[in-house]
Amino acid sequence: MTSYKELGLVNTREMFAKAVAGGYAIPAFNFNTLEQMQAIVQAAVETKSPVIMQVSKGARNYANGTILRYMAQGAVEYAKELGCENPQIVLHLDHGDTFELCKDCIDNGFSSVMIDGSSLPYEENIALTKKVVEYAHKFDVTVEAELGVLAGVEDEVASEVSHYTKPEEVVDFSTRSGCDSLAISIGTSHGAYKFTPEQCTRDPKTGKLVPPPLAFDILHEIEKRLPGFPIVLHGSSSVPQDEVDTINAHGGKLPDAVGIPEEQLREASKSAVCKINIDSDSRLAMTAAIRKHFDEKPGDFDPRQYLKPARENMKKMYIHKIVEVLGSNNKL
Ligand code: G3H
Ligand code: 13P
Ligand code: ZN
């Protein structure tokens, strides 16, 4: 058993309470590689922001869970080396799908886990979440649950609505499961294609796709029923058009990629939404910089030559999110 406390990590409890009270959101950035980890830490330290570094099941398979755990420990030490006296870094399991996976992470230094029972029938979601909460809380690890299903781009608009979190269920769900935070579905979704072109309108001036707005009425109803309770938004990449354009200009093929407009995330950050998940934007920033580099310097083959600009581009994006969208800067 390795406690996250030995690694210098923190859980989300105090962080979320401050974020809800202060009207800002904590960035939750997924990481799989050294460069992402370095860029996340540099951005958090430079902006004096708390940060959640999250690891999916796929990241554990790709990079190895043990290595990622030591990278998170390294992140704390690196932040100190960069001059941050009291780094507030969470190591979080993103989309845990079984009790066993959550337990394994809790036993191995994670300070927060998500148990995603959102695809299960309601009562089964509560039972599984409760089981994880009972185990996690013994070790002061916090637990994120999910209620409502994030829309897939293949869904029809009509069926997406029925997947939104039902406000009338949130009090019963959070009370009976004991979860510390709740991911809700109000129209965000994972990946770089969050909406089909048919679900969007086109801006007549630019010709760019404009997605339908998030369901703020549902968010506000949830806040009313669960005052002060930490709410999480998944699928919150904005899919920056300049990165998509760079990728496409240098041999990539991302037609009609579309994300969540930043003004809407800015608005959500001021509410009880206190954790905003961003993964795709990091992938786009990395890929754009690497494609551009290879196109301009075809003779380069030392990975440091193209990973350095990729790291810089991700760092720029992380800083932008922290300062301009989530408002978590100057909170340490
Ligand atoms: O929610 C999904 C995250 O973007 C993680 O994606 O499972 O491909 O690592 P992944
Ligand atoms: P994006 O694909 O929008 O970055 O969402 C990431 C996420 O929700 C991770 O859990
Ligand atoms: Zn997610």
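Data block above holds the structure.
Residues numbered from 1 in each chain as written. Chains lettered and ligands numbered in written order. Predicted model: local features only at pLDDT ≥ 70, side-chain atom pairs only at ≥ 80, totals over all residues.

Caption draft 1: Expanded view of unusual backbone geometry. One non-glycine residue with positive phi stands out, namely H95, at about 55°. Take H95: it is sitting in strand β3 (residues 89-96). Take H95: there are 22 C-beta atoms within 10 Å of it, and that puts it in the buried class. Residues other than glycine seldom take positive phi values, yet V239 does so here, at roughly 50°. The topology assignment puts V239 in the loop between β9 (231-233) and α10 (241-249). (Helix = DSSP H or I, 4+ residues; strand = E, 2+ residues; numbered from the N terminus. Buried ≥ 20, exposed ≤ 12 C-beta atoms within 10 Å, placed from the backbone.)

Caption draft 2: Spotlight on the sheet that holds strand β2 (residues 51-56). In space, the 8 strands of this closed barrel follow the order β1-β2-β3-β4-β5-β6-β9-β10, with parallel pairing throughout. Neighbour-to-neighbour, the strand axes of this sheet turn through a mean angle of 25°, independent of strand direction. Of the pairings in the sheet, the one linking strand β5 (residues 142-147) to strand β6 (residues 181-184) comprises 4 bridges and is parallel in character. By the bridge assignment, A145 is partnered in β6 with L182. (Pairing = 2+ DSSP bridges. Axes fitted to C-alpha atoms, helices over the stretch in contact; angles between N-to-C directions.)

Caption draft 3: Fine view of the site of ligand 1. Close contacts around ligand 1 come from N30, S56, G58, A59, D94, H95, H190 and D279, and that covers them all. When residues of the shell around ligand 1 are traced back to their parent elements, those giving at least two are α3 (57-63) and β3. Split into classes, the residues belonging to the shell around ligand 1 amount to 1 nonpolar, 5 polar and 2 charged. (Near = placed C-beta within 6 Å. Nonpolar A, V, L, I, M, F, W, Y, C, P; charged D, E, K, R; others polar.)

Caption draft 4: Representation of the site of ligand 2 within the structure. Contacts to ligand 2 come from 14 residues, most closely from H234, S237, N277, D279 and S280. Put simply, the parts of the chain that give the shell around ligand 2 at least two residues each are β3, β10 (273-278) and α12 (280-296). The class makeup of the residues in the shell around ligand 2 is 1 nonpolar, 10 polar and 3 charged.

Caption draft 5: Quick peek at the environment of T246. Note on placement: T246 falls in helix α10. Each C-alpha atom of the pair T246 and P213 lies 26 Å from the other, and the pair is 33 residues apart in sequence. Setting aside its immediate chain neighbours within four residues, T246 contacts A288, R291 and K292. (Contact = placed C-beta atoms within 7 Å.)

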